[in-house]
Each structure stands twice: as C-alpha cells, then as structure tokens.
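# Commentary on secondary and tertiary structure
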Amino acid sequence: MKKPVVLSKRQPLGVQAETITKVAAKIAAAESAITQEFEIRQVPLADIQFWDDQPRTFQLKLEDVYRGEISLEDALYETKTEELEGIIALAMSQKEFGILNPPLAYALPGKKVQLMGGQRRTMAAIYALFHLQTSLDEHGTAYHEIIINSDPDLSYLEKERIAVKVFFKKPNDLTLERLGIVDNVQRTELPIGDKLCWLLKFAEQREGKGREIRWRDLVDTLGLSRSQAYEWLAVVQSRHDEYVKKVIERVFLGTATFGRLLEIAKADSDVREMMYNKWYGPRPVPDALAPISLGKTGNLNALRMLVLANVEGDIKERLESIDWNNPKMVKKGFAEFLEYWESKHG
C-alpha cells in the first residue's frame, strides 16, 4: 500500500524580507549603474502619473476612487467593489501608520513622476484624502471612519503629498519591468495569471534585444527557487507550441491550473496533442462503476485535520460541515479538496 501523501501549506512565492531593501539597487545595477540614483521625495498626489501597463490585473479606475464607491450600473461592479474594499482597508492602515513602503517612480520633465510600482498605495492615499475622516473619541483616541464625498475638490490633490522613491532617470524597459513585478510580488501575492502574463512579456522583451531569459531573472523578481525557475522557463521555451498556447490561455481564463501548464510544457512535442485532448477534449460519459478512491485509511479524523488545515474561506466552511465519520462523504470532500488545492497551488 502506498504511503499517504501529506500536503502542507506552501509559503507565498514572495521576495524574502532580507532582499526587499536591496532589490531595487540590485536589479538596477544588473542593467545600468546610473539607475541606482534615486531619492525619497514628498510628491503631490496630482503630480503622480499612474502606470496603465502594470503587472497586476486591476479594474479599479481613479474615477472610482474619487467617487468613493462603485456605480451599480458599472459592468464590473462586483470586481471593482472587491478591489475598492482592498483599497479602503489599505487606506485605513496608511492613515494609522503612514505609508511604510514608498511607491516607486521615475522623474518626468518638470515636477511630475511616473509610477513603476505602488498604484494601490497611491490610490489608498487618494481615498483617504477624500473619504476618510479622523475624529477623537471620549478618551481622546483617534479613530477613522468612512464619509463618502460624492463631489470631492480635486484641487486638494495638489496640496496632499506622499513619500515616493523617485529614480532620477527612467530605467530601460527591461529594468522597468523587473522593478514593477518585484514591487508587486513583495507587497502582496500576485495571481498566477498575472505572474505568467508578466513572464511572457518579459521574455519577449529580452529576446527582442537578443538576450535569453535566465533562471536568475525569475529568482530575483518572482521570488522563485532555482528549481521552480527552471520549470517556469520550460513554459517560456515552449510557449509557441499550439497546445501549450491553448493551456496558457486557459490559465488566464482560470479554466486550467498552472500545474497542468507545466506538465504539457515539459512534455515531448509529439505527445502534447494527446495530453491536451485528454484534459480538455470531449468528455466521455462518467463510469459509475469507477468511484473515486483515496486508498485505505482507518483514521478519518486525521484526514479531516489535514484537509481543514490546508483550506480557507467558503470551502473550509463547507468541508467543516460534512459528516467526517461517513467514508462516502469523506471521499467526496477529499476530492473537492484536491481540486481546490490544484487550482490554488498548481
């Protein structure tokens, strides 16, 4: 009998804490020494230009932040509302503790700066300016509450300043991409689709300059281990294959896991069509006589603890509610857990 596979929670693929303070200079030095020249400036919010082509997929617009809420008629109401809730939480934190990690930007002619990272932090500062009010309670303790100002005075953006790390000169395109992805990865965990999109774009840029992407590029930027970096490079090297391209599109759409993409990218080209059709071709009628098998286990409680320790949110509440003394229910629950784990971790 095979030994049961024990799954443990993976740590987010972020840049390690000791790297964060050095990463901007390290990346810049790899490309051009001049881009190491930067300073912390207090920049008016009106002088900060946003980065439309940032690595993170983000639907929220400045107009939504100015308004302080999402219009019910907005076609992206649910997505934008979720993103705005994140901005509000960040605004509350910044109001309480300040901006602990200044956004990244480079200087433009005049006094304006162009963001390279920190769009959410900047949006949060704008939201706090227009829609957060600080008051004192009966004990003299400050507290912050949301007061929606539906018609904010945008001239206040010229007076309100935030700290920004400003490079004196615009980095070259490759350095710019790497700085942007590092800033996003080290702050919050990027969705796998956004990381993959950035990787393919970065590979095209490097190849356009006659340079191949290296495993070290991915360690420094996406925070991968060396072995993980080589797996991601397999996707880069096979990305023009017909079936690899199809799975990449499915990853972007959320209908395929990154694990499946790695499998087909590392496979020989002559078997990729077979693999793709097996996974995503016409589905055969399910075999009612072939139930899901989890192997033999006499300790359903241990299985319950394993599953619940590795899920969160709605699926955790659902799995907590099943009868863990009923083997049939446990099999269904464990199958759902495996599907969740693969979609989340690849």
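Rules used throughout
Residues numbered from 1 in each chain as written. Predicted model: local features only at pLDDT ≥ 70, side-chain atom pairs only at ≥ 80, totals over all residues. Heavy atoms only, no water. Pairing = 2+ DSSP bridges. Helix = DSSP H or I, 4+ residues; strand = E, 2+ residues; numbered from the N terminus. Contact = heavy atoms within 4.5 Å. Axes fitted to C-alpha atoms, helices over the stretch in contact; angles between N-to-C directions. Buried < 20%, exposed > 50% of the residue type's maximum accessible area, 1.4 Å probe, protein only. Parallel < 35°, antiparallel > 145°, perpendicular 65-115°, else oblique. Left-handed = near helix turned anticlockwise from the far one by under 90°. Nonpolar A, V, L, I, M, F, W, Y, C, P; charged D, E, K, R; others polar. Expected span 1.5 Å × (residues − 1). Arc of directions from axis to C-beta. pLDDT = per-residue confidence, 0-100. Phe/Tyr/Trp six-rings, centres within 6.5 Å; stacked < 30°, edge-to-face > 60°.

Attention now goes to the sheet that holds strand S7 (residues 161-167). The sheet built from 5 strands is open, its strands ordered S1-S7-S3-S4-S2 with mixed pairing. Only two strands of the sheet have a single partner each, and these edge strands are strand S1 (38-44) and strand S2 (48-49). Its contacts with the sheet put helix H4 (residues 119-131) on S2, strand S4 (113-117) and S7, and the angle it makes with S4 is roughly 120°.

Note that Arg-272 resides in helix H11 (residues 272-280). Note on Arg-272: relative accessible area 9%, which makes it buried. Arg-272 has contacts with Ser-238, Asp-241, Tyr-243, Val-244, Ile-264, Ala-265 and Ala-267, leaving out every residue within four places of it along the chain.

Viewed as axis vectors pointing N to C, helix H10 (residues 258-266) and H11 meet at an angle of 155°, and their least axial separation amounts to 9 Å. Overall, the two elements H10 and H11 adopt an arrangement that is roughly antiparallel. Between H10 and H11 lies a crossing whose hand is right-handed. Contact with H10, carried on its side by Arg-260, Glu-263, Ile-264 and Ala-265, involves Arg-272, Met-275, Tyr-276, Trp-279 and Tyr-280 of H11 and no other residues of that element. Within the contact of H10 with H11, the residues separate by chemical class into 6 nonpolar, no polar and 3 charged.

This part is about helix H3 (residues 77-97). With 21 residues, H3 should cover 30 Å at 1.5 Å per step; its first-to-last C-alpha distance of 30 Å lies within 8% of that length. Turning to H3, its buried residues number three or more, namely Lys-80, Glu-83, Leu-84, Ile-87, Ile-88, Ala-91 and Gln-94. For H3, the angular spread of the buried residues around the axis is 155°, confining them to a single face. Seen from the buried face of H3, the exposed residues on the opposite side, beyond 90 degrees, are Glu-78, Glu-82, Glu-85 and Phe-97. Close packing links the buried residues of H3 with helix H2 (62-67), H4, strand S5 (132-136) and strand S6 (142-146). At the exit of H3 stands Gly-98, carrying a positive phi of roughly 85°.

Our next topic: the side chain of Ser-135. Along the chain, the position of Ser-135 falls in strand S5. Not counting residues up to four positions away in its chain, the partners in contact with Ser-135 are Thr-141, Ala-142, Tyr-143 and Glu-145.

With that settled, the discussion passes to the confidence of the model for the protein chain. Mean pLDDT over the protein chain works out to 76, with 74% of the residues at or above the 70 mark. When mean pLDDT is taken per element in the protein chain, S2 scores highest with 93 and helix H1 (residues 17-31) scores lowest with 49. Every residue in residues 1-17 scores below 50 in pLDDT, and together they form 33 contacts with partners more than four places removed in sequence or on other chains. Below pLDDT 50 for its whole length, residues 285-293 participates in 2 contacts with residues either more than four positions away or in separate chains.

Here the focus is the pairing of S7. In terms of burial, S7 is a largely internal element, 5 of the 7 residues being buried. By the bridge criterion, 7 bridges tie S1 to S7 in an arrangement that is antiparallel. Bridge pairing links Glu-39 to Val-166 in S7. Relative to S7, strand S3 (residues 104-107) is paired through 3 bridges, and the arrangement is parallel. Each residue of the ladder has a partner; that of Tyr-106, found in S7, is Phe-167.

Another point: the packing of H3 against H4. Two elements in contact, H3 and H4, have axes whose closest approach is 8 Å; the angle formed by their N-to-C orientations is 75°. Classified by the angle their axes make, H3 and H4 are roughly perpendicular. Between H3 and H4, the contacting residues are Leu-84, Gly-86, Ile-87, Ile-88, Leu-90, Ala-91, Gln-94 and Lys-95 on the first element and Arg-120, Arg-121, Met-123, Ala-124, Ala-125, Tyr-127 and Ala-128 on the second.

Once that is clear, we can look at the packing of aromatic side chains. Geometrically, a pair of aromatic rings is defined through the distance of the ring centres and the angle of the planes. Inspection of every chain in the model, using the stated rule, returns 6 aromatic pairs. Between Trp-232 and Phe-258, the aromatic rings sit 4.5 Å apart at their centres with planes inclined by 40°, giving tilted as the arrangement. Of the two residues, Trp-232 sits in helix H8 (residues 226-238) while Phe-258 sits in helix H10, which places them 26 residues apart along the sequence. Per residue, the accessibility class of Trp-232 equals that of Phe-258, and both read buried. Put simply, the rings of Tyr-243, Tyr-276, Trp-279 and Tyr-280 touch in pairs and so form one group of aromatic residues.

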